[in-house]
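A closer look at the structure
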Amino acid sequence: MANEHYFSAEPESELKLRPLTVNLAGLPRTLTTAGGVFSPDRIDVGTQVLLANTPPPPPGGHLLDLGSGWGPIALTMALESPHATVWAVDVNERALDLVRRNAEALGLSNVNAVLPQDVPDDVSFMGIRSNPPIRVGKNVLHDMLLHWLPRLEPATDAWLVVQKNLGSDSLHRWMEGALPAGFAVTRAATNKGFRVLRVRRR
């Protein structure tokens, strides 16, 4: 539908599954996507920039992909860190279903694809990766980041990719002022019109 967004909880368009072959963790993988989710036909440029400009995820503990879509970031982390527990969080039920299908197709048992409220409150993260849903609006985005970023373990990082012309620099400044003491925000990379921001919890 014309007014349907990838951050709709339950897309109204008909579910039409389709195969998609992409490179994840250095190898081609054939996965499943569908309409009604973010970038269903490819790994979007922002996510490509994020994956290309971040170090390997920590080998263990809990890892978070915030705004997972059909799962390229979460699946990459799960492939690269098979002993970690990866949380793929999204509000879009169809996207979560696709993450589960894709994890199963890849033989990954370490991926939990869940709604935000289904992550236990006592889980903290050794790493966060996110191509955040900028178009949900500033207030929703800020609330989201203030909820999840403080759940980083000490001496760990979140990596966010944001398009420069969609406010990456203003988001950088906002995080510097809004996050609790002990957090540092730096620009880690700029590529193809995107910034990769590193949020370090000291």
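These remarks concern the structure in this document. This is a predicted model, so every value here is computed, not measured. Residue indices begin from 1 for each chain and proceed along its sequence in written order. pLDDT decides what is reported in this predicted model: residues at 70 or higher carry local features, side-chain atom pairs at 80 or more are listed and counted, and totals for whole chains, interfaces and linings draw on all residues regardless. Remark: hydrogens and water are excluded; side-chain values derive from all non-hydrogen atoms of the structure.

Looking only at helices and strands, the protein has five helices and nine strands in total. Working definition: helices are DSSP H or I runs of at least four residues, strands are E runs of at least two. Numbering for both runs from the N terminus. The linear arrangement of helices and strands in the protein, starting from the amino end, is β-β-α-β-α-β-α-β-β-α-β-α-β-β. Over its C-alpha trace the protein gives a radius of gyration of 16 Å, about what one expects of a compact globule, namely 17 Å for 202 residues. If you line up the protein on its principal axes, its C-alpha atoms span 45 × 40 × 35 Å. Under the scheme applied here, a residue whose accessible area is under 20% of the maximum for its type counts as buried, over 50% as exposed, and between as partly exposed, the area being computed with a 1.4 Å probe on protein chains only. Per-residue burial for the protein yields a buried fraction of 49% across its 202 residues. Only heavy atoms enter the contact rule, under which two residues are in contact if any of them lie within 4.5 Å. For the protein, contacts bridging at least 24 residues in sequence account for 67% of all contacts bridging at least 6. As presented, the protein carries roughly 9600 Å² of accessible surface, and 50% of it is formed by carbon and sulfur atoms. Atoms counted for the radius of gyration: C-alpha only. Globule rule: 2.2 Å times residue count to the power 0.38. Note on areas: these come from Shrake-Rupley sampling with a 1.4 Å probe, and a residue is covered only by the protein chains present in the view.

A few words now on unusual backbone geometry. Even without being a glycine, Ala155 presents a positive backbone phi close to 65°. Its location among the elements puts Ala155 in strand 7 (residues 152-163).

For strand 6 (residues 125-130), the buried fraction is high: five of the six residues fall into the buried class. Sheet analysis places strand 3 (residues 62-66) next to strand 6, joined by four bridges and oriented parallel. The residue bridging Leu66 from the neighbouring strand is Ser130, located in strand 6. If you view a crossover with the strands going away from you and the path from the first strand over the helix to the second runs clockwise, you call it right-handed. In this region the chain leaves strand 6, passes through helix 4 (residues 138-148) and returns to the parallel neighbour strand 7; the handedness of that crossover is right-handed. When DSSP finds two or more bridges between two strands, those strands count as paired.

Two kinds of site are reported from a 1 Å grid over the protein atoms alone, namely cavities, where a 1.4 Å probe fits but cannot get out, and pockets, open sets with protein on both sides within 12 Å along at least five of seven lines, and residues are called lining when an atom falls within 4 Å of a point. Grid points are joined across faces, edges and corners, and a volume is the space filled by probe spheres set on the points. Considering all chains together, one arrives at one cavity of 30 Å³ or more under this definition. Estimated volume of the largest cavity: approximately 100 Å³. Side-chain classes follow a simple rule in which Ala, Val, Leu, Ile, Met, Phe, Trp, Tyr, Cys and Pro form the nonpolar group, Asp, Glu, Lys and Arg form the charged group, and the remainder, Gly included, forms the polar group. For the lining of the largest cavity, a count of residues per class yields five nonpolar, six polar and three charged.

Moving on to the packing of aromatic side chains. Ring pairs shown here join Phe, Tyr and Trp side chains whose ring centres sit within 6.5 Å, with only the six-membered ring taken for Trp; geometry is labelled stacked below 30 degrees between planes, edge-to-face above 60, and tilted in between. Going through the model one piece at a time under the given rule, you end up with one aromatic pair. An angle of 55° between the planes, with centres 6.2 Å apart, marks the rings of Phe125 and Trp148 as tilted. Of this pair, Phe125 sits in strand 6 while Trp148 sits in helix 4; the two residues are 23 residues apart in sequence, bridging distant segments of the chain. By the burial criterion, Phe125 is buried, and Trp148 matches it.

Judged by nonpolar contacts, the single largest core of 33 residues is most densely connected at Val22, Trp70, Val86, Val111 and Val196. Breaking this core down by element, the ones donating at least two residues are strand 1 (18-24), helix 1 (45-52), helix 2 (72-80), strand 4 (85-89), helix 3 (93-105), strand 5 (111-114), strand 7 and strand 9 (194-201). What we call a nonpolar core is a set of buried Ala, Val, Leu, Ile, Met, Phe, Trp, Tyr and Cys residues that are connected through their side-chain atoms within 4.5 Å. Grouped together as the second largest cluster of nonpolar side chains are 26 residues, Val89, Val119, Val123 and Leu179 included.

What is shown is where atoms sit, not what they do.
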